[in-house]
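Secondary and tertiary structure notes
Next come the chains, spelled out residue by residue.
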Amino acid sequence: MNDVILTLNAGSSSIKFGLYTFEGQSETLIWRGHLDLSRQPSRFIVTDLEQREIDWQETFKGSSYQDALSRLLRWLVEQMASFRLVGVGHRLVHGGVAFNHPVIINEQVMVSLEKLAPLAPLHQPPALEGIRAIERFQRELPQVACFDTAFHRTMPFEEQVYALPIRWSEKGIRRYGFHGLSYEYIANILPDYLGDDADGRVLVAHLGHGASLCALKQRKSVGTTMGFSPLEGMPMSSRCGNLDPAVLLYLMREERMDIESISDLLHHHSGLLGLSGISGDMRELLASDEPRAQQTVRYFVWQVSRQIGALTAILGGLDALVFTAGIGEHAPVVRSQICRQSSWLGMELDEAANSANLACISAPASRVKVWVLPTDEERMIAHHTYKLLADQRVITNEKEGLNDDK
């Protein structure tokens, strides 16, 4: 019987999970799964290490988070004969000022996490529901919170604050940055690909349903595009990205829009979806012959390139650009257009390597090396969870499971 760590990555419309075994500090993925609530009927898919589907159910009763979590926990119970669950790691989008590293969850931590929910209203509540569901499932099972904001706590003062009276920064209105677990994973694997250049001036482009950039020096975050919330920065699938605050004042004053309707507009009806009027899915936009779809792709490329320039200024130059996440890993056309727009930096693609989705896609003569590296937030969560529980002697490397005094 193998001891395993379960990871839960609760998004606004899906739950990703993974099961990992450990040998020392090295994690091995057993199964990875996805519960998709964005489509009807909802889907539950589990794959093994080779991406082979081992369990698949086209639909399950209900479409709420509670329904999805119940389906996942029932599946876990069915697998209990082959493994022993010794801990659960959760992705928490927001750690606020208080949490700059993973923590074991207890009642006091839960109170603090619930207070942070207004800072990430789409993501924090589902993650908290996942924690409560696991507690109901097996109360004594240790759980760990891993924070997307923690990786960016190394950013300088100039990158963390807004030009508001300082009392508002002290109350928590500041730039936090997100996608931190993704950036941390990429930072950890950079030496395997970039060698000595890994500690240089590197930009990572996490381009997916949510999109952001992160500037790295010595593999530490020194700047990022998302700020107080995941709305700031580049346009995304259905989020607006940067917006003049006066637009919101206008909508409230002249259009009589309330907080709920504005929030719905900015989170669910803007970005690529709002601009194109067709879809927020880059795959559909690239496949469309509609002029507005093509215009929206160009707009996305323009905004990414604009942010590349801004963050390159923070870094004082650029040694490497890394694409990751859904669009970054699987859309060579978008990568090509971004690099062409940023050619003034000395960026030159090998178009054949780019079309083949190779790891290094820059031409040999390119001054800026360009890479495509898959991210793995769940593996990062598993690593943090196991290390923290082992360090705290909640579990042991000898696979004794839960301590007697837990």
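Residues numbered from 1 in each chain as written. Predicted model: local features only at pLDDT ≥ 70, side-chain atom pairs only at ≥ 80, totals over all residues. Heavy atoms only, no water.

**Considering a nonpolar patch on the surface**
Put simply, the test is: Patch membership needs two things, relative accessible area over 30% and no salt bridge, and members are linked within 9 Å if like-charged or within 5 Å if nonpolar (Val, Leu, Ile, Met, Phe, Trp, Tyr). To be clear on the numbers: accessible area is Shrake-Rupley with a 1.4 Å probe, and residue cover counts the displayed protein chains and nothing else. A pair is scored as a salt bridge if a Lys or Arg side-chain nitrogen falls within 4 Å of a carboxyl oxygen belonging to Asp or Glu. Here a strand is any run of E in DSSP of at least two residues, a helix any run of H or I of at least four, and the numbering for each starts at the N terminus.
A cluster of nonpolar side chains, namely L164, W168 and I173, defines an oily patch on the protein surface of about 250 Å² accessible area. Within the fold, L164 resides in the loop between α4 (157-160) and α5 (166-170).

**Observations regarding the pattern of salt bridges**
The cut-off we apply is this: For the exposure calls, accessible area comes from a 1.4 Å probe over protein chains only, and a residue counts as buried if that area is under 20% of its type's maximum, exposed if over 50%, partly exposed in between.
If you walk through the whole model with that rule in mind, you get 17 salt bridges. Across the pair E27 and R379 runs a salt bridge, and its minimum N-O distance is 3.7 Å. With E27 in strand β3 (residues 26-36) and R379 in helix α15 (residues 377-391), this residue pair connects regions lying 352 residues apart in the sequence. R379 matches E27 in its accessibility class, with the two residues each being buried. Across the pair E129 and R136 runs a salt bridge whose closest N-O atoms are separated by 3.0 Å. Among the charged side chains, a network of salt bridges with common partners joins E27, R32, D376, E378 and R379.

**A look at the packing of helix α7 (residues 245-254) against helix α8 (residues 259-268)**
Convention followed: Throughout, an axis means a line fitted to C-alpha atoms (over the contacting stretch in the case of helices), and angles, computed between N-to-C directions, take values from 0 to 180 degrees. Reported orientations rely on four angle classes, namely roughly parallel under 35 degrees, roughly antiparallel over 145, roughly perpendicular from 65 to 115, and oblique for the rest. Take the far helix as your reference; a near helix turned counterclockwise from it by less than a right angle gives a left-handed crossing, and one turned clockwise gives a right-handed crossing. The contact rule is simple, with two residues in contact once any of their heavy atoms fall within 4.5 Å. Here the term charged refers only to Asp, Glu, Lys and Arg, the term nonpolar to Ala, Val, Leu, Ile, Met, Phe, Trp, Tyr, Cys and Pro, and the term polar to all other amino acids, Gly among them.
At a minimum axis separation of 11 Å, α7 and α8 run at an interaxial angle of 140°. It follows from the interaxial angle that α7 and α8 lie oblique. For the crossing formed where α7 meets α8, the hand is right-handed. Of α8, the residues touching α7 (which contributes L248, L251 and M252) are I262, L265 and L266. Classifying every residue of the contact of α7 with α8 by side-chain character gives 6 nonpolar, no polar and no charged.

**Description of the packing of aromatic side chains**
Spelled out, the test is: Each Phe, Tyr or Trp ring, with Trp reduced to its six-membered ring, pairs with another whose centre is within 6.5 Å; inter-plane angles below 30 degrees give stacked pairs, above 60 give edge-to-face pairs, and intermediate values give tilted ones.
Under the defined criterion, the tally for this structure stands at 7 aromatic pairs. Summarising the aromatic geometry, the rings of W31 and F83 are spaced 6.3 Å apart at their centres and angled 70° between planes, so their arrangement reads as edge-to-face. Taken as a pair, W31 in strand β3 and F83 in strand β6 (residues 83-92) lie far apart in primary sequence, 52 residues in all. Judged by relative accessible area, F83 falls into the buried class, the value being 3%.

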